[in-house]
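Observations on the model geometry
Spelled out from the first residue to the last, the chains are:
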Amino acid sequence: MKNLISSIGAAAAALGLAACAAAPAMAPGQFVTLHCQDNKSFQARMSDDARSVRVRAHHGSAELERQADGRYAGEGYTLHMAGEGGIALEHGGKSQGKACKPRA
């Protein structure tokens, strides 16, 4: 029984680490170009304290503030950082990029 509990704990920890590793990271203070499905792209720069993200996209640029649910929003933009398929950006409720990832 003790080994079973230990194994379950180890598996849960491994899944947690895998989820963290899957979340795309942006270096603070540097613009990163994110490439999305349908040949869309935009640029984003995380603030040093991760409280905001500056985006440059088709409709202009904006400073997005971190929301309680982990997304960033402002000036008509919404940036989802932790989606199943990667980062997603919306403007005015319309998709500006899905499954976005920095180019390696």
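A brief structural summary. (Residues numbered from 1 in each chain as written. Predicted model: local features only at pLDDT ≥ 70, side-chain atom pairs only at ≥ 80, totals over all residues. Heavy atoms only, no water.)

1. Brief notes about the overall build of the protein
Helices and strands together make up the secondary structure of the protein, namely one helix and eight strands. Expressed as a percentage of its 104 residues, the buried residues of the protein come to 25%. Within the protein, contacts between residues at least 6 apart in sequence are counted, and of these 24% link residues at least 24 apart. Roughly 6,900 Å² of accessible area belongs to the protein as shown, and the carbon and sulfur atoms make up 52% of that amount. (Helix = DSSP H or I, 4+ residues; strand = E, 2+ residues; numbered from the N terminus. Buried < 20%, exposed > 50% of the residue type's maximum accessible area, 1.4 Å probe, protein only. Contact = heavy atoms within 4.5 Å. Areas by Shrake-Rupley, 256 points an atom, 1.4 Å probe, with all protein chains shown as cover.)

2. A short note on the environment of S41
By the element assignment, S41 lies in strand β2 (residues 41-46). For the pair formed by S41 and P102, sequence separation is 61 residues and the distance between their alpha carbons is 9.5 Å. In contact with S41, not counting residues within four places along its chain, are T33, L34, H35 and C36.

3. Regarding the environment of A99
Along the polypeptide, A99 turns up in strand β8 (residues 94-102). It is 6.1 Å that separates the C-alpha atoms of A99 and A88, two residues lying eleven residues apart in sequence. Not counting chain neighbours up to four residues away, the residues in contact with A99 comprise H35, C36, Q37, G85, G86 and I87.

4. Re the packing of aromatic side chains
A complete count under the given rule lists zero aromatic pairs for this structure. The lysine or arginine in question, R56, covers the ring of F31, its NZ or CZ lying 3.6 Å from the ring centre. (Phe/Tyr/Trp six-rings, centres within 6.5 Å; stacked < 30°, edge-to-face > 60°. Lys NZ or Arg CZ within 6 Å of the ring centre and 35° of its normal.)

5. Describing the side chain of Q96
Checked against the element boundaries, Q96 lands in strand β8. For Q96, a relative accessible area of 15% puts it in the buried group. Discounting residues that sit within four places of it in the chain, Q96 has contacts with K40, H58, H59, L89, E90 and H91.

6. Digging into the nonpolar core
M26, F42, V53, V55 and L79 are the most contacted members of the largest nonpolar core, which has 18 residues in total. Those elements that place two or more of their residues in this core are β1 (32-35), β2, β3 (52-57), β4 (60-66), β6 (77-83) and β7 (86-91). Dropping the residues within four chain positions of it, M26 is found in contact with V32, L34, A44, M46, V53 and M81. (Core = buried A, V, L, I, M, F, W, Y, C linked by side-chain atoms within 4.5 Å.)

7. Some words on unusual backbone geometry
Non-glycine residue E75 carries a positive phi angle of around 55 degrees. With respect to the helices and strands, the residue E75 is situated in the loop between β5 (72-74) and β6. In this structure, A99 takes a positive phi of about 55 degrees despite not being glycine.

Note that all results are geometric; they support no functional claim without further evidence.
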